[in-house]
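Report on the structure
Here is what each chain is made of, one letter per residue.
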Amino acid sequence: MGKGAWASGVRAGCSQAAAGPGTRSLAVKPPLPPRLFFLLLLLEAPGARASGYETCPKAQPNMLNVHLVAHSHDDVGWLQTVDQYFYDTKNNIHYVGVQYILDSVVSALLAKPTRRFIYVEMAFFTRWWHQQTNATKAIVQDLVRQGRLEFANGGWVMNDEATTHYGAIVDQMTLGLRFLEDTFGADGRPRVAWHIDPFGHSREQASLFAQMGFDGLFFGRLDYQDKKVREEMLEMEHVWRASASLRPPAADLFTGVLPNRYDPPVDLCWDSLCGNKPVVDDAGSPEYNADQVVGHVLYQAAVQSQHYRTNHVMMTMGSDFQYQNANMWFKNLDKLIRLVNAQQANGSGVHVLYSTPACYLWQLHKANLAWSVKKDDFFPYADEAHAFWTGYFSSRPALKRYERRSYNFLQVCSQLEALAGPAANEGPYGSGDSAPLGEAMAVLQHHDAVSGTSKQHVADDYARQLAAGWGPCEVLLRNALAKLSGSKRDFAFCGELNVSVCPPSQMAKRFEVIIYNPLGRKIDWMVRLPVTKGAFLVKDPNGKSVPSEVVTVPSSDIQGPHPELLFSASVPALGFSIYSVARLPARRPHFHPLPPTPLEPKTRLLTIKNKHIRAAFDPNTGLLVELENLDQKLVLPVEQAFYWYNANIGDKLSSQVSGAYIFRPEQDAKPVRNSAATRLVKTPLVQEVHQNFSAWCSQVVRLYPGQRHLELEWTVGPIPVDEDRGKEIVSRFDTPLETGGRFYTDSNGREILERRRDYRPTWDLDQTEPVAGNYYPVNTRIYITDGKVQLTVLTDRSQGGSSLRDGSLELMVHRRLLRDDNRGMGEPLAEAGTDGQGPGLWVRGRHLVLLDKAEAAAAGHRLQAEREVLAPQVVLAVGGGTPYRRGAAPRKQFSALRRELPPSVHLLTLARWDSRTLLLRLEHQFAVGEDSGRNLSSPVTLDLRYLFSAFTITHLRETTLAANQPRRAASRLQWNTNTGPVPQTAPPALDPIAVTLRPMEIRTFLASVQWKENGRTNPS
């Protein structure tokens, strides 16, 4: 949501004020006219057979052309839930109903053929569309064909760019763009990405947009210092070179910054939510103001044109949830256009016209200028000196983790839907479907959802949508696993393993554990299941016993210590293994608490190690103090502990406080405690040091056999709030590495960007907040290096992170705040317990720490991040199974690949597209220069014909990234840059025998397939 100053949830930041508290907006909600009236109006529309840029209005070459873009920014949840916004059912918060906006806009467009409007959020539009009559749909299709109703962006939502994973971004964009392609064909295909409200902009987002085929991007939020410089340098519009690995112009994207964020110029808002006076052109009226309005428009156009390079400027005429009474807007805009253009007879050089972002972009392209090039990103974003929007990188950590787990589960669900074929959707367990979870996940990418910047009841509704989507996927998994394993079992899911709750494993004497691996390579995975006390016999798919242990796990919650069963499972690529577990007579668990720390200091370090990693702890403080990579003979002093920032409540410099959006600490971080009470757990299968820092902060440092990283499982909360101040908790790693003020973070989980403390690549930064102003989004990893040694920390969700001094890095794990930061949410970020009550929320998560030589580090963090994002799915089955069909031989191990994928290749997407087609995405997951001594940055060539064992590919079509247009037929506008010409290359002809992937390249295919049944091909 566009967050300016708000009054009662109604936007005052749209440069106009709005209905005050308790004032009901009198927006008219007109019914659509009769069909005949619609059709008569349509006959008047010019250019009714053209599409794309050809439908754009004519500009005046020797004048300043002011492109008026009528739009409504409709948040898919923020102050109200998605349904409340659509239906206007909670109008005591925000008087809006998206269904009425679309009704009203269609009516207003039909009233005059020159009018145009753009729409963005498919989550709302599809819902409205499915409620329309066939006659209305035909009318809307005609408006789209004429270019009078244009779709911009076209994703399910306008996604956040800091806290979203690139795979989830691609999924939600594919969902929206597919609807437009299926419904409107090429006429409905967006040419322009429209990200007017996200709170900062990532380089990877621009790269993805370019690979989807967009010609340009426009956004509204830009750091206030950056904007001032760009206005002075005439660089509000430029070419964004959004990849250091993809060969230009593959990831080049023309990018424009809007002048007024996305609001109308001051005093030019004619919505029922605004307080501006209408245009009165009756000279006999005492309210006459036409001359004043014309003069004001001409002044605004002149001022705006001073910051842009062509004789075209764009004015966004709309804002949050506007156009419920579209007639108000369009009637005044009609007058404005007529009155301003009439001044041309008096020598005015300004021409005003209804337009769209695509038509504006087309005029810029025709100008044939050379544009500057940007190679970094637009983080962090500050809208004033002491207001850095870096808090939301970590807000609502539980929701962020639930979203990441749901992405993992959705990929498992989609893969099994593809591998099992129609039997996954209709089978012995009922109707299964990946679509509900896919739509819920798409909603969660909205810039007020996973970002953590919605009201609490809306955040709860986001979680409800995810939970509702899991159900149909669980049915689908049961159907698919039964078919692929040849046996119907009583499958059960354990959704609370993070708190050691799983009734099937805790109650059954015998059960089976099905582990599904969604990766394209074999994986060894340590299974941990809560059980009751005792011992267990675990057998692998071949019936051989495997080592297992029951470990008692101390707990920070009220449930107390609890036992967990551990065993290592080997799972083939894109397949499953089934292990059997049987309870044996009880034996004492391996749990060895350390004696209390003596008063006299000890000199011997406490250590845990395997053949790859050694971690050492100070026996006096209990803190991690040293990490060693035994393979590479690297030893690095590393001290890790938890710290907290006092949330600022306003000071002499600024009244700005810390809130859901803004991170503004009061002072340097303080340690939660300078020492931790420790306990040691050592068995052949796991070594753990349990650290207790306080009643609300603890951690388990864990090492498994064969593991090349150190796992830190932290538990934080409920955060105490003393002296009426909130707290923001970080995990900090301090080393002696000389890092020169530099550190590195990922961009949406893909490419890596260098960060420099107190520095911006494109302007001289005046640093006003030395902590918050150096925080960046960390989606999957952050690292520091001195050029020889690299320390990397992987995350299990999006978090904010930084390196505030050389050799140090930190990640924010939890926040609890007592004040609203005045960016629109209207309530403090003070999450209650899981039941909505209690003193606050406690959160559990993991950091994975890797120590490597710098030149070899990429192999470790890239492949481990892949394993974390797409972790194996564990399903339990209690009791015996029955044959899936008569004569079917059950199998306890299965792989859908005939051969594993190379380490540099990631299976990004495998999903059902329609009844006979699958969507397949393969990506090269290494960047240029990340060879790690293993040739991992070299191109890789695959033969797709016989790659899969579960089906046969009969036909292959390559598409753009979002699968909405054939790759060879797709063309984008090409832009000149001040760095010189870029060679244009046509995409290679598709050869399924030799599909080549270059570093960071994603290739997308629609594959017609025939599924196999008992070794034979099944065409259905």
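Residues numbered from 1 in each chain as written. Predicted model: local features only at pLDDT ≥ 70, side-chain atom pairs only at ≥ 80, totals over all residues. Heavy atoms only, no water.

Moving on: helix H8 (residues 224–233). Those residues of H8 that fall on the buried side of the exposure criterion are Gln225, Asp226 and Arg230. Taken around the axis of H8, the buried residues stretch over an arc of 130°, which confines them to a single face. Exposed and oriented more than 90 degrees from the buried face of H8 are Lys228 and Glu232. Structurally, H8 contributes buried residues whose contacts are with strand S8 (237–241) and strand S13 (373–374). The N-terminus of H8 is capped by aspartate 223, whose side-chain oxygen sits 2.8 Å from the backbone nitrogen of glutamine 225. (Buried < 20%, exposed > 50% of the residue type's maximum accessible area, 1.4 Å probe, protein only. Helix = DSSP H or I, 4+ residues; strand = E, 2+ residues; numbered from the N terminus. Arc of directions from axis to C-beta. Contact = heavy atoms within 4.5 Å. Polar contact = N/O pair within 3.5 Å; in protein donor to acceptor, adjacent residues only side chain to side chain.)

Scanning the entire structure with this criterion turns up four disulfides. Disulfide pairing places cysteine 413 opposite cysteine 473 at an S-S distance of 2.2 Å. Across the disulfide from cysteine 413 to cysteine 473, rotation about the S-S bond amounts to roughly -95°, and the bridge is consequently left-handed. Separated by 60 residues along the polypeptide, cysteine 413 in helix H12 (residues 397–420) and cysteine 473 in helix H14 (residues 456–485) bring together distant segments of the chain. Between cysteine 494 and cysteine 502 runs a disulfide, and the two sulfur atoms are separated by 1.8 Å. Considered together, cysteine 494 and cysteine 502 belong to a single accessibility category, that of buried residues. (Disulfide = S-S within 2.5 Å.)

Counting buried positions along strand S27 (residues 613–617) yields five of five residues, so the element is predominantly enclosed. Side chains of S27 alternate between two faces, with Ile613, Ala615 and Phe617 and Arg614 and Ala616 buried alike. Relative to S27, strand S26 (residues 606–609) runs antiparallel, the two being bridged by four bridges. Of the residues in S27, the one forming a bridge with lysine 609 is arginine 614. Counting the residues in the hairpin turn of S26 and S27 gives three residues. As paired elements, S27 and strand S28 (residues 624–629) share five bridges and run antiparallel to each other. Paired with phenylalanine 617 across the bridge in S28 is leucine 624. In sequence, S27 turns back onto S28 through a hairpin of six residues, with glycine 622 there showing a positive phi of about 80°. (Pairing = 2+ DSSP bridges.)

A separate point is empty space enclosed by the protein. The final tally for this structure, using the stated rule, is ten cavities of 30 Å³ or more. There is about 180 Å³ of room inside the largest cavity. Around the largest cavity sit 17 residues that line it, and Tyr166, Gly749, Arg781, Glu866 and Gln925 are the ones nearest its centre. Elements with a minimum of two residues in the lining of the largest cavity: helix H16 (857–869) and strand S46 (905–914). Here the lining of the largest cavity takes four residues from H16, the largest share from any one element. Classifying every residue of the lining of the largest cavity gives seven nonpolar, five polar and five charged. The computed volume of the second largest cavity comes to approximately 150 Å³. Looking at the second largest cavity, it is lined by 15 residues, and the ones nearest its centre are Gly52, Glu150, Asp187, Arg189 and Arg191. Of the residues forming the lining of the second largest cavity, the biggest block, three residues, is contributed by strand S5 (residues 149–151). (1 Å grid on protein atoms, 1.4 Å probe; cavity = no way out; pocket = protein on both sides within 12 Å on 5 of 7 lines; lining within 4 Å. Points joined across faces, edges and corners; volume = space filled by probe spheres on them. Nonpolar A, V, L, I, M, F, W, Y, C, P; charged D, E, K, R; others polar.)

Attention now moves to unusual backbone geometry. Cis geometry marks the peptide bond from proline 248 to proline 249; its omega dihedral reads 5°. Along the chain, proline 249 falls in the loop between S8 and strand S9 (252–257). Cis peptide bonds are those with omega within 30 degrees of zero, and the linkage from phenylalanine 379 to proline 380 qualifies with -10°. One non-glycine residue, asparagine 153, lies in positive phi territory at about 70°.

It is worth spelling out helix H11 (residues 357–367) at this point. Residue pairs spaced three or four apart in an α-helix point in one direction, given the helix's 3.6 residues per turn. Listed in full, the buried residues belonging to H11 are Pro357, Ala358, Cys359, Tyr360, Leu361, Gln363 and Leu364. Just downstream of H11, asparagine 368 is the residue with a positive phi angle, here 60°.

Remark: helix H6 (residues 166–184) packs on helix H13 (residues 435–444), axes separated minimally by 9 Å, with the N-to-C direction vectors making an angle of 110°. The angle between H6 and H13 falls in the class roughly perpendicular. Our pair here, H6 against H13, has a crossing hand that is left-handed. Seen from H6, the contacting residues are Ala168, Gln172 and Leu175; seen from H13, they are Gly438, Glu439, Met441 and Ala442. (Axes fitted to C-alpha atoms, helices over the stretch in contact; angles between N-to-C directions. Parallel < 35°, antiparallel > 145°, perpendicular 65-115°, else oblique. Left-handed = near helix turned anticlockwise from the far one by under 90°.)

What follows concerns the pattern of salt bridges. Going through the model one piece at a time under the given rule, you end up with 49 salt bridges. In this structure, arginine 189 engages glutamate 181 in a salt bridge whose closest nitrogen and oxygen atoms are separated by 2.9 Å. On the basis of relative accessible area, arginine 189 is assigned to the buried category, the value being 18%. For glutamate 181, a relative accessible area of 23% gives the class partly exposed. With a closest N to O distance of 2.8 Å, arginine 967 and glutamate 958 form a salt bridge. When salt bridges with common partners are traced through the structure, they connect Arg528, Glu564, Glu688, Arg702, Glu711, Glu713, Arg846 and Glu868 into a single cluster. (Salt bridge = Lys/Arg side-chain N within 4 Å of Asp/Glu carboxyl O.)

This part is about the sheet that holds strand S39 (residues 781–785). Strand pairing in a sheet takes place through backbone hydrogen bonds and is either antiparallel or parallel in direction. Sheet architecture is open: nine strands sit in the order S31-S32-S33-S34-S43-S40-S39-S36-S37, paired in antiparallel fashion. Two strands lie at the open edges of the sheet, namely strand S31 (677–682) and strand S37 (752–756), each paired on one side alone. Strand-to-strand twist in this sheet, taken as the mean axis angle between neighbours without regard to direction, amounts to 20°. Summarising the sheet, S39 and strand S40 (residues 789–795) pair through five bridges and their orientation is antiparallel. For tyrosine 783, the partnering residue across the bridge sits in S40 and is threonine 792. Contacting S37, S39, S40 and strand S43 (843–853), H16 crosses the sheet at an angle of about 155° to S43.

Right, let's talk about the nonpolar core for a bit. Core analysis: the biggest nonpolar cluster contains 257 residues, and Phe125, Trp194 and Tyr323 have the highest contact counts within it. It is H14 that provides the largest number of residues to this core, a total of twelve residues. Leu623, Trp714, Val730 and Val843 belong to the second largest nonpolar core, which has 27 residues in total. (Core = buried A, V, L, I, M, F, W, Y, C linked by side-chain atoms within 4.5 Å.)

Turning our attention to the environment of valine 144. Along the chain, valine 144 falls in helix H5 (residues 134–146). A C-alpha to C-alpha distance of 32 Å links valine 144 and serine 414, two positions 270 residues apart in sequence. The contact partners of valine 144, leaving out residues within four places of it in the chain, are Leu149, Phe151, Phe184, Asp187 and Gly188.

By themselves these figures say nothing about function.
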